[in-house]
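Structural characterization, general
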Amino acid sequence: MMRFVIRRVAVSVLMLWLASVVIFVTLRVIPGDPIAARGTLPGFTAEQMAQLRHELGLDRSILAQYLDWMSGVLRGDFGQSFFSDFSTTELIATRIVPSVELALMATLVGLLIAVPAAVAIALRPHSWLDRVLSSGAAGGMAVPPFWLGILLVAFLSIELGWFPTRGYVPFVEDPLENLRFVALPAVTMGVVVAAPVLRFLRAALLDVTRSDFVRTAEGKGLLWHEAVVRHALPNALMPTLTFVGMVVGSMLGGIVVIEYVFGWPGLGALAVDSVGKRDYAVLQGVVLLAAAAFVLTSLVVDLLSVVIDPRLRDQMST
Amino acid sequence: MRRLSVLWASIGALALGLSACGGGGDGSTVEAPAETSQSDTTASTTLAQGGEATIASAQGVSQLDPYKILFAFEGVVHPLMWATLTQYTPEGGETVEPNLATEWEASADQKTWTFTLRPDLKTSTGEPLTSDKIAASLERAFDPETAFLWAIFIPKVAAVSAPDESTVEIKLKTPGRYLPAALTKISIMDVDELGKINRSPAVTGPYKVAKFTPDQSLELVPNEHYHGDPPKLDKLIFTKAQDATAAVTSLRAGEVQALWSVPWTDVRELDGNSDVAITTGDKPAQNGLILTDNTSGVFKDVKARQALAHAVDRQSIVDAVYAGRGDVPTTNNPVFQWSDLVTDGLQEYDFDLDKAKELFAEAGVTEGSELTFWAPAGAYPEWTSVGELLQKDLETIGINLKIETNEISQWVEPFAPAGKKFPDMIVPNIYGGMPLPLNLSSWVPGVCECNFDNADYNKALADAQAATDDDAAKAALATAQKVFNEQVPVALTVQTSIPVGHVSDLQGIWIDPSGLSRFDRAGYVE
């Protein structure tokens, strides 16, 4: 067990290091830099730009810049914004809470949609209900999140006035207002999460319900829905947990769009702003954080699977 | 100057604010203009004291240092926090009026300017804003290492001093008739407090900072130590709306009270909404234009540049792209048509494709030639629309205009800073942010990316700065306009201002002679 954990953690650290290299080099290779923006200022000369690049160390080799940045990262210093002078850590700190809240709420909404729907399908596989819900899942995967978001805003905010169109209030300031603000983005993102999870869980449940132990449970007198909920569902949730981890870990890309539509002050918006300005330190910090979130989520899910699934524990011990 | 990471693009100058010695009052009034459209700018409305307003913008506020301004929206927000020696007011129009300085005078050679300060000035912390501090602030603004956005428009400064506690003296290396107008753009700060500028700045303007999160939100509350009348609103919140179209929805829903830089595609629709007003001012103060490199490729030939001016269908551009809210330049004169400084009798560049074809042919641009329209992606979509109109018109005379859009940092790269060669490219842009006639310095060497360098033009501007009377200054500026119109360093497309959408009962928003939207007089109708 311990060997598995150590190996899994080592792989995670290696992945994070590789991600840091890719992030750093990619940003330096694409055209433009933080100083390029000043090129449009009246009277700003090429010499002044070169001087600023020198002051920021942007004229050094990529390797030297990387080593400098990485040594800071290892000390917990992710650098500071070229524009606001705020540290990357501070900027991320102001954005991470809204982002995490949105991710958690969206996951919750997604699971609240996907799990009951998958169970309903498993109770009546290949019925009209199955066809309707499966089609809904396919639609959920196909629909662009921004379109769904705009649709929800048009109906629930503009027409009915139930929810605000945009904005954010911290939970600690006003919990009820916070929930009003998070509702629409969470539902929008939740649908995006629910669709693939529903398809995955449906397949897993239908597979498990054909297993001998489910038939045995039914033969021992359990009703079909009891067999499905008590025996098939826990077994089907095991692989689904890994899948949910991957979906949540890769949520950042979708969240950017949602943040734009709903004016949500999260990490995605910070990342997009930083891309536009080529605010290297901030963008590197955000992307590294996103990579870390993905890697850590995968790690936690893998470790949880071992804890939850006795078969995996047996495999480890043998 | 709007959306995502849009830069000031290139910021030139604008409308003339003749900068004679200031008179007038203290610039603070109870009345504010109810300036909701180009045609409704004269009515006055009494505004109530109190209330909050949230103002959205697709651009955020990255930082609060007035001398590090980089994005247009910062230019809109900073005057709320930072006072200047001189100022424009809604009542004064293009006249430069007192602010921190009560009066000023120039030496006969226009090189030494003496400003008398208002007594008992304080920063928002309650600390005295002394003449020494004001001089230090100006020195920082003029220091080339500061790379202050507007410094290029200010005559070269030899020295700044504070001879006594109520006087600041600026000595120039060359005559500077329009220095008071330029000083309307130079915020005064306490340089000793520079280290705290993005956390808890000691400001000098009508509002002080309550809370600031870069590129997210900025909350301002009245500065009780401000020397003028207190602002109307109890709180102003500037919030970044990542997507301008989504922000329009919030404006319609009344969840934000104003939106700076409403997408032009939404302006016409909002015009029909009784709950929302659009303010662009009745005096357009920014020049929409297309840049060409005057030193390379086909546009090195003045005939090609004149041909381009004839090929631009300005009326269609204003009607189709700018929702009819803009002036249609009939000549290629960057001095706005409403200005007293505008020169009559200039050659007109009417939309005439036959003439354009003839001039293009003389410059070697014949049928089958290809030019490139180089526009930013994700920002200023109206510029791409201008390119599409031009593309259609050039096609009828056999010239292929290839439209290329690039992410903003890549868009800037081929033509900025000034001095780069970009042959056969047509680059849309907007120049604004400085009052007339200082904006004419947008086309001197090293400033305009068009690389225009004309000795007659440069001399005319220098003569205007050195002029000792209005007539001589006007004559020199007339020469500059004539040269500009003949040489077509850039081709004008429209003269307009950035539209501000706001709920109808939020009034007092005005556009200053430099083309910036101003919220310092904003308040709710009683």
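Up top you'll find the structure we're talking about.
A brief look at the structure comes next.

**Digging into the packing of helix 7 (residues 314-321) of chain B against helix 9 (residues 381-396) of chain B**
In a pair of packed helices, the angle between the axes and the distance between the axes together describe the arrangement. Residues and elements named next belong to chain B. For the pair helix 7 and helix 9, interaxial distance at closest approach is 10 Å and the crossing angle is 140 degrees. Judged by the inter-axis angle, helix 7 sits oblique to helix 9. The two elements helix 7 and helix 9 cross, and the hand of that crossing is right-handed. Here helix 7 contributes Ser-316, Ile-317 and Val-321 to the contact with helix 9, which in turn contributes Glu-382, Ser-385, Val-386 and Leu-389. Looking at the contact of helix 7 with helix 9 residue by residue, the class counts come to four nonpolar, two polar and one charged.

**Quick notes on the interface of chain A and chain B**
Between chain A and chain B, the contact holds 43 residues from the first and 44 residues from the second. Both faces combined, the contact of chain A with chain B buries some 3500 Å², and carbon together with sulfur accounts for 58% of it. Applying the counting rule to chain A against chain B returns four salt bridges. Put simply, Glu-407 of chain B and Arg-278 of chain A hold a salt bridge, and the shortest N to O gap is 2.8 Å. At the surface where chain A touches chain B, the tally comes to 13 residue pairs in polar contact (both at pLDDT 80 or more).

**Topic: the sheet that holds strand 3 (residues 52-57) of chain B**
Within a beta sheet, neighbouring strands are joined by backbone hydrogen bonds and run either parallel or antiparallel to one another. Residue and element names in this part refer to chain B. A sheet is described by the order of its strands in space; here seven strands give the open sequence 10-11-12-3-13-20-14, paired in mixed fashion. Each of the sheet's edge strands pairs with one partner strand only, and the pair in question is strand 10 (207-213) and strand 14 (276-279). Between one strand and the next, the sheet's axes are offset by a mean angle of 20 degrees, whatever the strand orientation. Relative to strand 20 (residues 500-503), strand 13 (residues 258-260) runs antiparallel, the two being bridged by three bridges. Note on strand 20: the bridge partner recorded for Leu-259 is Gly-501.

**Here's the deal with the sheet that holds strand 18 (residues 425-431) of chain B**
All names here are of chain B. What the five strands build is an open sheet, ordered 17-16-18-15-19; its pairing is mixed. Among the strands making up the open sheet, the edge pair consists of strand 17 (400-407) and strand 19 (490-496). Across the sheet, the mean angle separating the axes of adjacent strands is 25 degrees when strand polarity is ignored. Across five bridges, the pairing between strand 15 (residues 286-291) and strand 18 is antiparallel. In the strand pairing of strand 18, Asn-287 is matched with Tyr-431.

**Considerations on the nonpolar core**
Membership of the largest hydrophobic core comes to 186 residues, with the highest contact counts inside it found for Leu-138, Ile-170 and Phe-360 of chain B. Leaving out residues up to four positions away in the same chain, Leu-138 of chain B has contacts with Tyr-67, Leu-85, Val-160, Val-168, Ile-170, Leu-183, Ile-186 and Ile-188 of chain B. One finds Val-109, Leu-205, Ala-232 and Met-251 of chain A within the second-largest nonpolar core, a separate group that totals 45 residues.

Definitions and cut-offs
Residues numbered from 1 in each chain as written. Chains lettered and ligands numbered in written order. Predicted model: local features only at pLDDT ≥ 70, side-chain atom pairs only at ≥ 80, totals over all residues. Heavy atoms only, no water. Axes fitted to C-alpha atoms, helices over the stretch in contact; angles between N-to-C directions. Helix = DSSP H or I, 4+ residues; strand = E, 2+ residues; numbered from the N terminus. Parallel < 35°, antiparallel > 145°, perpendicular 65-115°, else oblique. Left-handed = near helix turned anticlockwise from the far one by under 90°. Contact = heavy atoms within 4.5 Å. Nonpolar A, V, L, I, M, F, W, Y, C, P; charged D, E, K, R; others polar. Buried area = accessible area lost by both parts, 1.4 Å probe. Salt bridge = Lys/Arg side-chain N within 4 Å of Asp/Glu carboxyl O. Polar contact = N/O pair within 3.5 Å; in protein donor to acceptor, adjacent residues only side chain to side chain. Pairing = 2+ DSSP bridges. Core = buried A, V, L, I, M, F, W, Y, C linked by side-chain atoms within 4.5 Å. Buried < 20%, exposed > 50% of the residue type's maximum accessible area, 1.4 Å probe, protein only.

Keep in mind that these numbers describe shape and distance, not what the molecule does.
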